[in-house]
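Chain by chain, the residues:
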Amino acid sequence: MINFIINNQPVTAQKGETILQAARKAGFYIPTMCYLEKTTPCASCRLCVVETDKTEGLILSCQTPPTEGLVVTLDSDRLKQERTNIMRLYDVNHPLECGVCDKSGACDLQNKTLEFGVDRQHFSAKDQPRHIEHWGLINYDPSLCILCEKCVHVCNEIIGDDAIELQFGGYKSSVIPKNSDKLDCTFCGECIAVCPVGALVSSQFQYSANAWELSKIPATCVHCSAGCSLTYEVRHTSNLIGAKSKIYRVTNDFEHMTLCGAGRFGFDFDVEGTKEESSFAQAVHALQNAKAIRFNSLITNEEAMILQGLKETLGVKLYNEEARAYQNFMSAYSSISGKIGFGGSLDAVCQSDGIIVLGGRITTDNPVVRYSVTTAARHNGAKVVYMHPMEDELLQNVVTQFVKYEVGTEEGVVAMLAKTLLEGCDLSEETQAFFDGLDEGYLCAESNVGDEEYAHITKSFIRVKRKTLVIGSDVITHKRSSNIARLCAMIETYTEFSVVVIPVNVNTIGVSLICELDMDNGGEDVVGYNAAGDYTMGSIGDVNLTLPSLNSQEGTFVSINHHVLPTNVAVAYEGYTLNDLASSLGVKADNTIDYTAKLPLSKGFNGVGFDNLGNFYSALGEDNRGYILENMDVKAEGVLEEIDDLPEFNGTVVYHCNPINQFNSYTARTSQLEKEAILRGSAQFAAAAKIADGDKIRLEFPHSTQERIFKLDSTLKGTIALVPAYDVGFGALNEQYRFEKVKIMRMGSAS
Amino acid sequence: MNHEEPFTNRNVSESSTYYYVDIETYPVSGWDKFKQVFRRAIRGELFVGLWVVMREMIKFDIHTLQYPLEKLPIGPRYRAVHKLLRLWESGYERCIGCGLCEKICISDCIRMDTRIDENSRKEVTEYSINLGRCIFCGYCAEVCPELAIVHGGRYENASEQRAHFVIKDDMLTPLDLLKAGEQAEYPGFGAIIPGSDASVKKTPLAY
C-alpha cells in the first residue's frame, strides 16, 4: 500500500499500480488517448501527463507508479496547456469527414477535441499521400490514424498474432502488416475494437450505419465455451425489405475483455420462423411418441431444464454424446478432487506464470484460452509448455517448451506428467505406490516423450508461483478419459496447479450439470433438437420445425469459468419456442426464463432470477455478468486405475479440428467468416497418403465418408492432417476421439 | 441574475374610449318588419352591388386563379416537400449520408440506407421521407451540413393513405435539369447566410 496525494486528497495505491490506475479508482479523471487497461501502457499520447512535487518536468501517469507521500496535481494551467497542445497536434490535417466516418459519435478524438476546445488548426504539416488499405475483414485508413498504437499492443500482447506493427517515419508513420504486404492474421478484429478513431474498421460494416442509430443488446457469445460478453448492435433494415431488425455489428467492452473473430464477425446466424399450427401439432405429436431427444450443447440452461423436464414427464431419453463425455470426465475428476468442477479459470490462466497446455489445439478450440496464455506469457513472462501430437504455429511466440507425444498416448503422458508434478507431495501410500509402480520405460517409449522432457518441465517450473494446467478436449473423448481425469484431479488436489478443462460448446458445462444424459445407441423415434433425428427441430439445417437460434433467445450459459452468463434477444423471433412445445406437453412455464431461478441449487446455481442478472463490466473492469457457480463438494472416493496399454495410430491419421474462427453450424452459415473446408496437411502427410496439393479426395472414416480438397500447409509438420468438423452434419466436434485413422482415396485434381 | 419583468397594468377599460354605436331599434311587430323590408327593397341598394359586378364583367379584368391549372407563386423560403440537390460542377449528389437529418427529425419520418461504394466512399442507397408524418419543420434542411436536403415548393400532399413516401428518385434534381441550370438554391433554413465568406478562417497549409 502506497499513500500519496492527488489534488490535495489522500489516495492509496496497491503495489504495482500506476498513478493513473490509482487515480481512476479514487474517481479522479485523467484524459488519455492511448491507454488500454489490459495491455502495457503504449505511452504514445502523452495526454495523461501530471505534475508532481518530486519531478521538475511532467510525468506520464499511465506508466509511473506513485511513491510514498508523492503530491500529484492533475489539473494545473500548465497541464491544460500541454494537453490542449497535444490535441491541437492530433487534429493537424485530420480529415474533416466526421460526417461519413463510422466512428463519429463514438470517437475518442471527437470527444477530446471538444473537451479541449480545439476549434481550428493551429499548426500545419505537409500532408502525405496515404491510401486506404483493404485487409479482408478489416479496412485501414492511414489518414484517420492517430498512431496511438493500441492496435499493435493488443495484437502483440493479448492476441499473440503479432501481425501489425508501426512503421516509423515521423509524420509519415502508419500501421503496417508485419513482415508481409497483406495482413496475415487470425482476424479477431480486436484492432477494430480498440481503435479510438475510424482508422481501423470492419469492412462489411463500414458506412452502413451510424453509431447512434444502433441499439445495443448485451449478450453472450455462443460459439465456444469461453462465453465472452459481446454487444449485438441492432438496427432496422431498409424500407424496401420491410424494415426488419437486423444485427449490424458486434462490439465488445475491449478495455476489459477480448473477443475473437467468430464472435465479432459471426453474428448473422439468426433464423426466421412463423407460427403455423399444423407444424406445431406435428412437433408435439413427434415428441409424444419419441423414445429419445437428441440435442447438442448449443442451448441455454433454461432449455436444458425443459429437456430434463420432458425426460421426467414423458420418460424420453436424452442423448448428447459430447456433453456426456464431458460429464463422465468431470465425474471421474470429482471423484478425486471432491469438487463438482475444476478449480481454475481463464483469469487464473492470465495471471499465472507457468502454464501447461495438454491435449487440445487451443488456438482454434477456444481462442480466449489462447489469448489468456498469450497475456500470461507477455505480461508475466510465463513459462508455457504445450503438449500435443501437433505443433501449433500460432503458439510459436509464446510456447517455451513443446512436448510432442504420439497420438493416443495421452493416458501415459498425463500419468508421467502427474508423476513429475506430484514429486515430493504428500500423497497417500496407495497413490504413491501407483506412481512408483509406473512402467516409465514403456510409457516414455510408447508416447515418445523422454525423461529429460519431464525433467525440463520440473526445472523450468521451479520458480513458478502461479501454475495452471489446461486440459484440452482430446482427452475428454479419449477411451481412457476417466483415468486421465483422475490423474489431472490428482495434480490439482496435491499441487499448486489450478486446472482448466476446455469444454467444446458454449453450454457443455450447463448441460452436463442439468441433464441426466443417456448413452446414445441410435435407435428409432428420436427427436433431434439441433441434431440428427427422425423428426428434427431447431435452428440448424433443414428442420421440420424451426425454433429460434441462440441470438434470438434469452437465457443463461455456463462458461469455462463456471460463470452463469445471461444472454438476450438480439433479433426478435416470431415462431414457436421449445417452451411452447414443452408447455403443451405438461412441462409448463410462461417464459423460458422462468426456469433461470429454478436451476438446480445442488449443482451450485444460486436461484437468482433472469431479470436480476447483470451483464456488464464496470468502468473499473469489475465483472458484473451473472454469477459464478458455487463449486459444490462431492464425495471423493475415486481410485486410480492401472494405465492401459497405450494404443498405436499408424498410417494416415487426421485430427478433427476446425479452422480459425469456425466452431459450429452457426459460424458455418455466417456471411463474413471464411469457410475453407479443406483437409490441410504437411508434405510428409501428402507423401504418405499419396496425394498432392489441390487434389480432390475422399476420406473414409469407419462410420462416414467426406469429400474434400487437400491443401498443402507448409506450417504443419508430421503425418497428421487437419480436417474441419464445423461443416459436417450438425457441426459435431468431439463426440469421439479427435484423432482418427482414415483411408484416403484420390478422386482427381480440383481444377 | 434573475430577469424580472416590470409590472404593467393591462386593464384596458380604464383608459378606454368605448362608445355606444347608434343602432336603430329592431322592429318587433310583424308590420314593422314588413315596413323595414319594403323600405330597403325600394331604395335600390341591391342595384348598387349588381352594378359593380356588371362593370367588372365588362372590363374582363378577372383575378380568379384557375387552380389546379394555375398556382399561386409561393415564397422561396416556404417549407413544402423536400428536394435533394446535386453539386453544380460534378453533378454528384450532395448528400454524404451522414444521417443527421434522420437523427434530428422530430417526427421520425426520415429513413436512409448507406453502404460503401467501389471507390470507398459512402453512398446513399435509399432515402425516404414519410410525408404522412412529416410536419415540415425544416430541421432536416437546417442540420444538413452539405445543403443537400432543402424544402421545395410542392405543397400538394393529398393522399389516400396516412403513410405516403417520397423517395430519393423523386427528390433528387434530375441531371438534365441540373445541366439546364434549373436547380435553385434554397434561401430558407440552413442556407448560407449572405456574407458568411468573411467569417471563414483559413487553415494553415504547408504547401
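Trainee: Explain the overall build of chain B to me, please; I cannot follow it from the model alone.
Mentor: Each helix and strand counted, chain B has six helices and five strands in total. Its C-alpha atoms give chain B a radius of gyration of 30 Å, more than 25% over the compact-globule value 17 Å for 207 residues. With respect to the three principal axes, the spread of C-alpha positions in chain B is 95 × 60 × 40 Å. The 207 residues of chain B split such that 16% are buried.

Trainee: It is not clear to me how the overall build of chain A should be interpreted in this structure. Could you clarify?
Mentor: When you go through chain A residue by residue, the secondary structure sums to 21 helices and 33 strands. For 751 residues, the compact-globule formula gives about 27 Å, and the C-alpha radius of gyration of chain A, at 27 Å, lands near that figure. For chain A, the spread of C-alpha atoms along the principal axes amounts to about 80 × 65 × 60 Å. Across the 751 residues of chain A, 52% fall into the buried class. Of the contacts formed within chain A by residues at least 6 apart in sequence, a portion of 74% connects residues at least 24 apart.

Trainee: Just checking my understanding: could you explain unusual backbone geometry for this structure?
Mentor: Generally, phi is negative for residues other than glycine and the peptide bonds are trans, each holding for most cases. Omega for the peptide link from Tyr67(B) to Pro68(B) comes to 5°, which places this bond in the cis form. Within the secondary structure layout, Pro68(B) lies in the loop between helix H2 (45-59) and strand E1 (82-84). A positive phi angle, near 75°, is found at Glu149(A), a position not held by glycine. Residue Glu149(A) is classed as buried on the basis of its C-beta count, with 23 C-beta atoms lying within 10 Å. The phi torsion at Asp525(A) lies on the positive side, around 55°, for a residue other than glycine. Structurally, Asp525(A) can be placed in the loop between helix H18 (508-514) and strand E21 (526-529). Owing to 13 C-beta atoms within 10 Å, Asp525(A) belongs among the partly exposed residues under this scheme.

Trainee: I tried to follow the nonpolar core on my own but got confused; where do I start?
Mentor: One recurring pattern in soluble globular proteins is that nonpolar side chains are buried together. Formed by 204 residues in total, the largest nonpolar core has its most connected members in Ile293(A), Val470(A) and Cys488(A). For Cys488(A), the contacting residues outside a window of four places in its chain are Tyr333(A), Val414(A), Leu469(A), Ile471(A) and Val499(A). Counting 26 residues, the second-largest nonpolar core is a separate cluster that includes Ile110(B), Cys140(B), Cys144(B) and Val166(B).

Trainee: I tried to follow the sheet that holds strand E2 (residues 9-13) of chain A on my own but got confused; where do I start?
Mentor: For sheets, the rule is that strands pair by backbone hydrogen bonds, running either parallel or antiparallel. All names here are of chain A. Taken in spatial order, the five strands make up an open sheet running E2-E1-E5-E3-E4, and their pairing is mixed. A strand with exactly one partner marks an edge of an open sheet, and here the two such strands are E2 and strand E4 (59-60). Examined bridge by bridge, strand E3 (residues 49-52) and E4 share two bridges and lie antiparallel to one another. Residue Val49 lies in a different strand from E4, and its bridge partner there is Leu60.

Trainee: What is the right way to read the domain arrangement of chain A from this model?
Mentor: Size of an interface: often given as the accessible area lost when the parts come together. Residue and element names in this part refer to chain A. Taken domain by domain, chain A comprises domain 1 (2-90), domain 2 (125-265), domain 3 (278-518 + 534-643) and domain 4 (653-749). Between the C-alpha centres of domain 2 and domain 3 there is a distance of 30 Å. Taken together, the 30 residues of domain 2 in the interface contact 38 residues of domain 3. For the side of domain 2 that touches domain 3, the secondary-structure elements that each account for two or more residues are helix H4 (150-159), strand E11 (215-220), strand E12 (229-236) and strand E13 (245-251). Residue contributions to the side of domain 2 that touches domain 3 peak at four residues, all from E11. Partitioned by chemical class, the residues of the side of domain 2 that touches domain 3 number 15 nonpolar, ten polar and five charged.

Trainee: I tried to follow the confidence of the model for chain B on my own but got confused; where do I start?
Mentor: Chain-level pLDDT for chain B is 87 on average; 92% of the residues reach the 70-or-more range. Taken together, the chains of this predicted complex give a pTM of 0.90 and an interface ipTM of 0.83.

Trainee: Even after reading the chapter, I still don't get the sheet that holds strand E23 (residues 545-546) of chain A, so can you show me in this structure?
Mentor: All names here are of chain A. Pairing in this open sheet of five strands is parallel, and the strands run E15-E14-E21-E22-E23 from one edge to the other. Looking at the sheet topology across the chains shown, the edges are occupied by strand E15 (317-319) and E23. Sheet analysis places strand E14 (residues 292-295) next to E15, joined by three bridges and oriented parallel. Across the sheet, the residue bridging to Arg294 is Tyr319, located in E15.

Trainee: Looking at this structure, I do not really get the pairing of E12(A). What am I missing?
Mentor: Residue and element names in this part refer to chain A. Counting buried positions over the eight residues of E12 gives six, a clear majority of the element. Pairing geometry for E11 and E12, over six bridges, is antiparallel. Of the residues in E12, the one forming a bridge with Ser215 is Val234.

Trainee: Would you take a moment to explain the packing of helix H9 (residues 321-337) of chain A against helix H17 (residues 481-494) of chain A for this structure?
Mentor: For any two helices packed against each other, the geometry comes down to the angle between their axes and how far apart the axes lie. All names here are of chain A. One way to put it is that H9 packs onto H17 with a least axis distance of 7 Å and a crossing angle of 40°. Here H9 is positioned oblique relative to H17, judged by the angle of their axes. For H9 against H17, the interelement crossing comes out right-handed. Contacts between H9 and H17 pair Ala325, Asn328, Phe329, Ala332, Tyr333, Ser335, Ile336 and Ser337 from the former with Ser481, Ser482, Ala485, Arg486, Cys488, Ala489, Met490, Glu492 and Thr493 from the latter. Its residues assigned to classes, the contact of H9 with H17 shows nine nonpolar, six polar and two charged.

Trainee: Would you take a moment to explain the pairing of strand E25 (residues 563-567) of chain A for this structure?
Mentor: On a regular strand, each side chain points to the face opposite its neighbour's, so the side chains alternate between the two faces of the sheet. Residue and element names in this part refer to chain A. Burial within E25 is extensive, with five of its five residues counted as buried. In E25, alternate side chains face the same way, and those of His563, Leu565 and Thr567 on one face and Val564 and Pro566 on the other are all buried. Two successive antiparallel strands, strand E24 (residues 555-558) and E25, enclose a turn made up of four residues, where His562 displays a positive phi of approximately 55°.

Trainee: Which parts of the structure should I look at to understand helix H3 (residues 108-115) of chain A?
Mentor: Given 3.6 residues per helical turn, the α-helix brings residues three or four places apart onto the same face. Residues and elements named next belong to chain A. For H3, every residue scored as buried is listed here: Asp108, Leu109 and Lys112. Take H3 and look down its axis: the buried residues cluster within an arc of 90°, on one side only. In the core, the buried residues of H3 are packed alongside helix H2 (77-90).

Trainee: Got a minute to help me understand the environment of Gly718(A) in this structure?
Mentor: All names here are of chain A. Of note, Gly718 is situated in the loop between strand E30 (705-712) and strand E31 (720-723). With 33 residues separating them in the primary sequence, Gly718 and Phe685 have C-alpha atoms 6.6 Å apart. Every residue in contact with Gly718, bar those within four places of it in the chain, is listed here: Met390, Ser682 and Gln684.

Trainee: I would appreciate a short explanation of the environment of Arg680(A) in the present structure.
Mentor: Residues and elements named next belong to chain A. Within the fold, Arg680 resides in strand E28 (residues 678-681). Here Arg680 falls in the buried class, since 22 other C-beta atoms lie within 10 Å of it. Distance from Arg680 to Ile720, taken between C-alpha atoms, is 9.0 Å for residues 40 residues apart in sequence.

Trainee: Can you help me understand H2(B) in this one?
Mentor: An ideal rise of 1.5 Å per residue puts 21 Å on 15 residues; H2(B) measures up with 22 Å between its terminal C-alpha atoms. Downstream of H2(B) by a residue or two, Phe60(B) has a phi angle that is positive, lying close to 55°.

Trainee: Explain the environment of His478(A) here, please?
Mentor: Residues and elements named next belong to chain A. Within the secondary structure layout, His478 lies in the loop between strand E19 (467-471) and H17. C-alpha of His478 to C-alpha of Gly315: the two residues are 163 residues apart in sequence and 30 Å apart in space. Each residue touching His478, except ones within four places of it in the same chain, is listed here: Glu410, Glu411, Ile484 and Tyr737.

Trainee: Sorry if this is basic, but what is going on with the packing of helix H13 (residues 410-421) of chain A against helix H16 (residues 451-460) of chain A here?
Mentor: Residue and element names in this part refer to chain A. It is the contact of H13 with H16, at a shortest axis distance of 10 Å, that shows an interaxial angle of 40°. In terms of their interaxial angle, H13 and H16 are classed as oblique. In the crossing of H13 with H16, the sense of the turn from one axis to the other is right-handed. Contacts from Met416, Leu417 and Thr420 in H13 reach Tyr454, Ile457 and Thr458 in H16. Tallied by class, the residues present in the contact of H13 with H16 amount to four nonpolar, two polar and no charged.

Thresholds applied
Residues numbered from 1 in each chain as written. Chains lettered and ligands numbered in written order. Predicted model: local features only at pLDDT ≥ 70, side-chain atom pairs only at ≥ 80, totals over all residues. Helix = DSSP H or I, 4+ residues; strand = E, 2+ residues; numbered from the N terminus. Rg over C-alpha atoms; globule rule 2.2 N^0.38 Å. Buried ≥ 20, exposed ≤ 12 C-beta atoms within 10 Å, placed from the backbone. Contact = placed C-beta atoms within 7 Å. Core = buried A, V, L, I, M, F, W, Y, C linked by C-beta atoms within 7 Å. Pairing = 2+ DSSP bridges. Domains from an automatic or database assignment. Nonpolar A, V, L, I, M, F, W, Y, C, P; charged D, E, K, R; others polar. pLDDT = per-residue confidence, 0-100. Axes fitted to C-alpha atoms, helices over the stretch in contact; angles between N-to-C directions. Parallel < 35°, antiparallel > 145°, perpendicular 65-115°, else oblique. Left-handed = near helix turned anticlockwise from the far one by under 90°. Arc of directions from axis to C-beta. Expected span 1.5 Å × (residues − 1).

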